[in-house]
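Geometric and topological summary
Here is how the chains run, residue by residue.
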Amino acid sequence: QLRFSADASLADILCICTLVSGLPLGIELAAAWVRLIPVSDIKEEIQTNFDFLESTKQDAINRHQSLRAVFEHSWQLLSHKERVTLIQLSVFRGGFTREAAREVTNASIPTLMSLTDKSLLRVNNYRFGMHPLVLQYSFEKLKEDQALLETTQENHAQFFLALAQSHPEYFYTPEHLALVDKTQEELDNIWAALDWAFGTDNLD
């Protein structure tokens, strides 16, 4: 049985299990590093370096050598439309609605459903999200296509910045509260849109 060191905090261990989505392979790969570095450092490495979780065992099955290999295997099973949609969805931060997915990536309901059925997307109360490791892997794939990356990020920015400045006529009305709630829910996406705008000198 794999065990983490006695001085490891339960919070860090739980965070690692969450980061690898409870995958036994992910937990095993993380536990292998306990001999060398503290659990808190393992957590930070997983959060920032997708390739950190990699096996050094020469006899491991190829797709079990690392989490990247697991995702590459899943990637090969996707249709072209599913691949394009998945990597475009990686521009979202803090989740997204069906409407946002349609406007930013032209994602269809059947494609969103298929990606959800394959555990590449999550849905809760009609709001979609992506596991951090899936998000990291997908965004790396998106960056391989600079034209698609730029188009998707611009669509994302236009959609959420429009939300942030929309409907001033609703201020101090009952509709205002609903707009505030919606904007609050999308703060991560709005900040990402602002980062893109400032980063590209698209200040208007």
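All of these numbers come straight from a predicted model, not from anything done at the bench.

Bringing the nonpolar core into the picture now. Counting 45 residues, the largest nonpolar core has L89, F92, F96, L112, L121 and F160 as its most contacted members. Setting aside chain neighbours within four positions, we find L89 in contact with F96, A101, T105, L112, L115, L121 and M130.

This next bit is on helix α11 (residues 187-199). The terminal C-alpha atoms of α11, which comprises 13 residues, lie 18 Å apart, in line with the 18 Å expected from a rise of 1.5 Å per residue. If you check which residues of α11 are buried, you get N189, I190, A193, W196 and A197. Buried residues of α11 fall within an arc of 120 degrees about the axis and therefore sit on the same side. Relative to its buried face, α11 has exposed residues pointing more than 90 degrees away, namely W191, D195, F198 and G199. Where α11 is buried, its residues contact β3 (127-129), α9 (146-164) and α10 (174-185).

Under the counting rule described, the total for this entry stands at two cavities of 30 Å³ or more. Reported here for the largest cavity is a volume of approximately 40 Å³. Lining the largest cavity, in full, are T97, E99, A100, F159, F160, L163, K182 and E186. The set of elements that each furnish at least two residues to the lining of the largest cavity consists of α6 (98-105) and α9. Of the residues forming the lining of the largest cavity, the biggest block, three residues, is contributed by α9. A breakdown of the residues in the lining of the largest cavity according to their chemical character gives four nonpolar, one polar and three charged. Estimates place the volume of the second largest cavity at around 30 Å³. Together, F71, S74, W75, L86, L120, V134, Y137 and S138 line the second largest cavity. Mapped by element, the contributors of at least two residues to the lining of the second largest cavity are α4 (67-76) and α8 (132-143). Its residues assigned to classes, the lining of the second largest cavity comprises six nonpolar, two polar and no charged.

About the criteria used
For every chain, the first residue of the written sequence is number 1, and numbering continues from 1 onward in sequence order. Residues qualify for local features only when their pLDDT is at least 70, as the model is predicted, and side-chain atom pairs are given and counted only at 80 or more; totals for whole chains, interfaces and linings, by contrast, use all residues. To obtain the side-chain values, all non-hydrogen atoms of the structure were included, while hydrogens and water were left out. Residues belong to a common nonpolar core when they are buried Ala, Val, Leu, Ile, Met, Phe, Trp, Tyr or Cys residues joined through side-chain atoms within 4.5 Å. Per-residue accessibility, obtained with a 1.4 Å probe over protein chains only, is compared with the maximum for each type, and a residue is labelled buried under 20%, exposed over 50%, and partly exposed between these values. Note on definitions: a residue-residue contact is assigned when non-hydrogen atoms from the two residues lie within 4.5 Å. Where helices and strands are cited, they refer to DSSP runs of H or I of at least four residues and of E of at least two residues respectively, numbered from the N terminus. The length a helix should cover is 1.5 Å for every residue beyond the first. The arc in question is formed by the directions pointing from the helix axis toward the C-beta atoms. In this analysis the probe radius is 1.4 Å and the grid spacing 1 Å, with only protein atoms considered; a cavity is a set of points the probe fits into but cannot get out of, a pocket is an open set with protein on both sides within 12 Å along at least five of seven lines, and lining residues have an atom within 4 Å of a point. Grid points are joined across faces, edges and corners, and a volume is the space filled by probe spheres set on the points. Residues are grouped as follows: Ala, Val, Leu, Ile, Met, Phe, Trp, Tyr, Cys and Pro are nonpolar; Asp, Glu, Lys and Arg are charged; every other residue, Gly included, is polar.

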